[in-house]
Amino acid sequence: MLIAEHLMLLCVDPMRGTLDVTAGRAGIDTLAAAALVLDLADKGHLRHAAGYVAVDADLPISHPQLTAAERVLTGFASGMPLHAAIDLLVSRLSPIRRTLLDSLFRRDVLHRERAAWWRPGVKRYPVRSLQALNEATMELRRGAIATRATLRGTGLLILTEAAGRCAKVLDAAHHAEAVARLDALAQPPPADTGEPAGLLAALRRDLLD
C-alpha cells in the first residue's frame, strides 16, 4: 500500500468516514501530494538533492496515482524545489484526496456513502478493513521507534504529525518516541547526498514553514 494511502487511513474517522485534519498544519491535499513524492522516491522514481527533486522515469511504474504524479513532474530534468513539486501536484491532480479515497473504496478498504441526501456530491468513507487500518498504524509506530529514518515509516510520521493526527493515533509511549524522532529531523545531515534523511528533513521544514 502507498504511503499516501496509509495517510488517508490514518486521517479518516473510522466510523464517520470524514477526514479529521482540522488540527493540522497543512491541508490534506498538500499532505497527500507530499506523500506521493515520498512514494515516487521509495520506488526509485525520484531523486532529491539540496532541496530539489527530479523524476527518474527510466523504470516502469504500475500504480495509477504514481503514474499520474510522475507525468506531472516529468519534464523538469534539472529538478524543482520540493515545495514547488508538491504545489504542482496539488494543482494538477486536484482533488488528490478524493482519488486516493476512491481507490481504497474500489479495493474494499473503505466504504463509500453519501454524506446527506441534500449534498449528493459529498461522500463519506468509513473504514471497511480494520486489517488495513492496523497495518497503517503499525507503519506509523515503526516510524516512531526506528533507529534510523526511513522513507516509509518516518515519512508517514511527518505527514501524520502535520495532519494533527499523531496524538490521536499513537499511544503515549509511541507518541513520545515520535516527538523525539521528529525533533532529530530538525538537524539536517552534515552533507545532503540525496539519502532519505535529507528528503525527510527537507519535507518537514517545508511543512512547518
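No experiment lies behind these values; they were computed from the predicted model shown. In every chain, residue numbers begin from 1 and rise along the written sequence. Since the coordinates come from a predicted model, pLDDT governs what is reported: local features require at least 70, and pairs of side-chain atoms require 80 or more to be given and counted, while whole-chain, interface and lining totals use all residues. Side-chain calculation: all heavy atoms of the structure are included, whereas hydrogens and water are not.

Engineer: Sorry if this is basic, but what is going on with the nonpolar core here?
Structural biologist: Within soluble globular proteins, side chains that are nonpolar generally end up buried alongside one another. Side-chain atoms within 4.5 Å are what join buried Ala, Val, Leu, Ile, Met, Phe, Trp, Tyr and Cys residues into a set we call a nonpolar core. With a 1.4 Å probe rolled over the protein chains alone, any residue whose accessible area is under 20% of its type maximum counts as buried; one over 50% counts as exposed, and the rest are partly exposed. The biggest cluster of nonpolar side chains holds 68 residues, and the ones touching the most others in it are Leu-73, Leu-159 and Leu-203. Counting residues per element, this core draws most heavily on helix 2 (residues 28-42), at eleven residues. Residue contacts are counted whenever heavy atoms from the two residues lie within 4.5 Å of one another. Excluding residues within four positions of it along the chain, Leu-203 makes contact with Ala-34, Leu-38, Leu-82, Ile-86, Ile-158 and Leu-159. Numbering of helices and strands runs from the N terminus; a helix is a DSSP stretch of H or I covering at least four residues, while a strand is a stretch of E covering at least two.

Engineer: Before we go on, may I ask you to explain the environment of His-45 in this structure?
Structural biologist: Among the secondary structure elements, His-45 is positioned in the loop between helix 2 and strand 1 (46-49). According to the relative accessible area criterion, His-45 is buried, its value standing at 2%. Along the sequence, His-45 and Glu-161 sit 116 residues apart, while their C-alpha atoms lie 25 Å from each other. A distance of 2.5 Å separates polar atoms of two side chains, one belonging to His-45 and the other to Glu-70. Side-chain atoms alone can form a polar contact between residues adjacent in sequence; in general such a contact is a pair of N or O atoms within 3.5 Å, and within protein one must be able to donate a hydrogen while the other accepts it.

Engineer: When you look at the sheet that holds strand 2 (residues 52-55) in this model, what are you seeing that I'm missing?
Structural biologist: Within a sheet, each strand pairs with its neighbour through backbone hydrogen bonds, oriented either parallel or antiparallel. Taken in spatial order, the three strands of this open sheet run 1-2-3, and their pairing is antiparallel. If you trace the sheet from one side to the other, it starts and ends with strand 1 and strand 3 (80-81), each paired once. Only strands joined by at least two bridges in the DSSP assignment are considered to pair.

Engineer: Looking at this model, I keep getting lost on helix 9 (residues 172-184). Mind explaining?
Structural biologist: Working note: α-helix, 3.6 residues per turn, so residues spaced by three or four point in the same direction. The end-to-end C-alpha distance of helix 9 is 19 Å, a good match for the 18 Å that 13 residues give at a rise of 1.5 Å each. Tucked into the core, helix 9 has its buried residues touching helix 6 (130-145), helix 7 (151-162) and helix 10 (196-208). Multiplying 1.5 Å by the residue count of a helix minus one yields the expected span of that helix.

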